[in-house]
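Residue-level structural notes
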Amino acid sequence: MIDTVLFDLDGTLLDTAPDIAVALNLLSVEHGRPELDFADIRAQVSAGATALVELGLDIARDAADFNIHRDRLLDLYRGNLSKRTRLFPGMDAVLDAFEANGIVWGICTNKPGWLTEPLLAALDLKTRAACVVSGDTLPERKPRPEPLWHALEICQRKPAQSLYVGDARRDVEAGRAAGMGTVAALYGYIEPDELPREWRADHYIEEPRELLEIVGIDSRVTS
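Described in the following lines is the structure provided in the data block. Fair warning: this is a prediction, and the values are worked out from it, not measured in the lab. (Residues numbered from 1 in each chain as written. Predicted model: local features only at pLDDT ≥ 70, side-chain atom pairs only at ≥ 80, totals over all residues. Heavy atoms only, no water.)

Section: the packing of aromatic side chains
Per the counting criterion, the structure on display carries four aromatic pairs. Through a chain of ring-to-ring contacts, three or more aromatic side chains come together here, namely F7, F98 and W105. R197 extends its terminal NZ or CZ atom over the ring of Y204, reaching a point 4.5 Å from the ring centre. (Phe/Tyr/Trp six-rings, centres within 6.5 Å; stacked < 30°, edge-to-face > 60°. Lys NZ or Arg CZ within 6 Å of the ring centre and 35° of its normal.)

Points about the pairing of strand β1 (residues 4-7)
Of the two faces of β1, the one holding T4 and L6 and the one holding V5 and F7 are both buried throughout. Where β1 and strand β4 (residues 104-108) come together, four bridges link them in parallel fashion. Pairing of F7 across the sheet is with I107, part of β4. As judged from the four bridges shared by β1 and strand β6 (residues 162-166), these two strands associate in the parallel manner. Its bridge partner being in β6, L6 is matched across the sheet by Y164. (Buried < 20%, exposed > 50% of the residue type's maximum accessible area, 1.4 Å probe, protein only. Helix = DSSP H or I, 4+ residues; strand = E, 2+ residues; numbered from the N terminus. Pairing = 2+ DSSP bridges.)

Looking at the pairing of β6
By the criterion of burial, β6 is predominantly enclosed, with five of the five residues buried. Every second residue of β6 is oriented toward a common face, with S162, Y164 and G166 on one face and L163 and V165 on the other, all of them buried. One ladder, built from four bridges, connects β6 with strand β7 (residues 181-185); its direction is parallel. Across the sheet, G166 pairs through a bridge with A184, a residue of β7. Between the parallel pair β6 and β7, the chain is carried across by helix α8 (residues 169-177), and the sense of this crossover is right-handed. (Right-handed = clockwise from strand over helix to strand, strands pointing away.)

Re the pattern of salt bridges
Side chains that differ in charge, positive against negative, can pair when their charged atoms come close. Summed over the entire model, instances satisfying the criterion amount to 12 salt bridges. The salt bridge involving D92 is made with R128; its shortest N-O contact spans 3.2 Å. You can see D92 sitting in helix α5 (residues 91-100) and its partner R128 sitting in the loop between α6 (113-122) and β5 (132-133), a full 36 residues away along the chain. Among the residues examined, D92 registers a relative accessible area of 36% and is labelled partly exposed. Its relative accessible area of 25% is what places R128 among the partly exposed residues. Here R128 makes a salt bridge to D96, at a shortest N to O gap of 3.0 Å. Of the two residues, R128 is situated in the loop between α6 and β5 and D96 in helix α5; the sequence distance between them amounts to 32 residues. Through salt bridges with shared partners, one network takes in D92, D96, E99 and R128. (Salt bridge = Lys/Arg side-chain N within 4 Å of Asp/Glu carboxyl O.)

Written as structure tokens, this is what we have:
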């Protein structure tokens, strides 16, 4: 029986793309480049700041000044951290149902803690989550399993009774390596050329409410 659900953050629990898109387009304009279409930015959000800078400025990550541009993007994003970001539609009802049925939920993300913590606080989620493991909490990051094991240790739960939900291949790889059940969020930030059905997740969901059936909660009682 599933008693714990851990979430990736960007593209899985939270729709952060609108705020990230504002920051990336501000960076692009600073460098005399045109703003990008939101759809193009959205598809790259789960790949992280490095991929976003490559997209926005059309420069290679080994360029001498690349890290300067990456740091500037993160500074711009920090100034727009929670203006448009929200839980994905239906996710609030899912979290309410988990809490009402004694299912522990937490967060395991590659996003650095100095962005993760204030974002969760701004959305009143920090105190609801049983654990928050960020990309700089440990030396290892996903797709390594150590962050997930650390999250489960905080929650005092075992992998075999837990799920990890994410919108990227590395999320499924990390969950499988940790011995957890895996759920691929098809509503998330998936690049057009990605084939998520090849990730070999245990479950695939088109919307958050499908998680209720996976963990054995009757979704009709939350409608």
